[in-house]
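Take a look at the letters that make up each chain.
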Amino acid sequence: MARLTINGRSLEVNVNPNTPLLWAIREQVGLTGTKYGCGVAQCGSCTVHVDGVATRSCSIPVSAVVGKKITTIEGLATGAVLHKVQKAWLDHEVPQCGYCQAGMIMAVAALLKDKPKPTDADIDARITNICRCGTFQQVREAIHAAARA
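Residues numbered from 1 in each chain as written. Predicted model: local features only at pLDDT ≥ 70, side-chain atom pairs only at ≥ 80, totals over all residues. Heavy atoms only, no water.

**Student:** I'm lost on the packing of aromatic side chains in this one. Help?
**Tutor:** Aromatic rings in a pair are described by how distant their centres are and how their planes are angled relative to each other. Tallied over the full model, the rule gives one aromatic pair. Ring geometry for W23 against Y36: centres 5.4 Å apart, planes inclined by 35 degrees, an arrangement best described as tilted. In this pair, W23 is assigned in helix α1 (residues 21-29) and Y36 in the loop between α1 and β3 (47-50), connecting sequence segments 13 residues apart. Since its relative accessible area comes to 31%, W23 is described here as partly exposed. Given the relative accessible area of 35%, Y36 is considered partly exposed. (Phe/Tyr/Trp six-rings, centres within 6.5 Å; stacked < 30°, edge-to-face > 60°. Helix = DSSP H or I, 4+ residues; strand = E, 2+ residues; numbered from the N terminus. Buried < 20%, exposed > 50% of the residue type's maximum accessible area, 1.4 Å probe, protein only.)

**Student:** Even after reading the chapter, I still don't get the packing of helix α2 (residues 84-91) against helix α3 (residues 101-114), so can you show me in this structure?
**Tutor:** Interhelical geometry of α2 versus α3 gives an angle of 125 degrees and a closest axis separation of 9 Å. The angle between the axes of α2 and α3 places the two elements in the oblique class. The element α2 and its partner α3 pack so that their crossing is right-handed. Side by side, α2 and α3 meet where K84, V85, Q86 and W89 of the first sit next to Q101, M104, I105, V108, A109 and L112 of the second. When its residues are assigned to classes, the contact of α2 with α3 shows seven nonpolar, two polar and one charged. (Axes fitted to C-alpha atoms, helices over the stretch in contact; angles between N-to-C directions. Parallel < 35°, antiparallel > 145°, perpendicular 65-115°, else oblique. Left-handed = near helix turned anticlockwise from the far one by under 90°. Contact = heavy atoms within 4.5 Å. Nonpolar A, V, L, I, M, F, W, Y, C, P; charged D, E, K, R; others polar.)

**Student:** Just to check I follow, could you spell out the pattern of salt bridges for this structure?
**Tutor:** Any two side chains of opposite charge can pair, given that their charged atoms come close. The full count for this structure, using the stated rule, is seven salt bridges. In this structure, the salt-bridge partner of E12 is R3, at a minimum N-O distance of 2.8 Å. Exposure remark for E12: the relative accessible area of 42% places this residue in the partly exposed category. Across the pair K113 and D114 runs a salt bridge whose closest N-O atoms are separated by 3.4 Å. With a relative accessible area of 44%, D114 lands in the partly exposed category. (Salt bridge = Lys/Arg side-chain N within 4 Å of Asp/Glu carboxyl O.)

**Student:** For this particular structure, what's the right way to read the environment of T19?
**Tutor:** In this fold, T19 is placed in the loop between β2 (9-13) and α1. Residue class for T19 comes out buried when judged on its relative accessible area of 18%. The spacing of T19 and S59 is 40 residues in sequence and 9.0 Å in space, taken between C-alpha atoms. T19 has contacts with A24, I60, P61 and V62, leaving out every residue within four places of it along the chain.

Take a look at the structure:
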């Protein structure tokens, strides 16, 4: 058993301590917004925040996040009010298939927390998530719009 704090809730999960956080979130807690993409921390579909830091949840074991604050895409909004990145995503029609978008949004939210007015170079350096649909131009526009919000 491990006690995790996910989206402000303290939860007991019955998993092996080496289980990737992604599977505890999806299979034990039932939050399926965080997606499995590659399993080797390259694509970013599984990105969540751990103590406010964008983290690829497919490669971090549950034992490494006990006692830390985990935020998933389901916990990013405040009640019915979307996070400014989620709103920008809708306003700029970023998603096509949408599979990678939860992870992309989480990575961008962490970027804007650290750098409220990122340059294109900041975006290139920090947003390494992969979108197979190729919506990178819309992503960049949405990031700049969210930064202005």
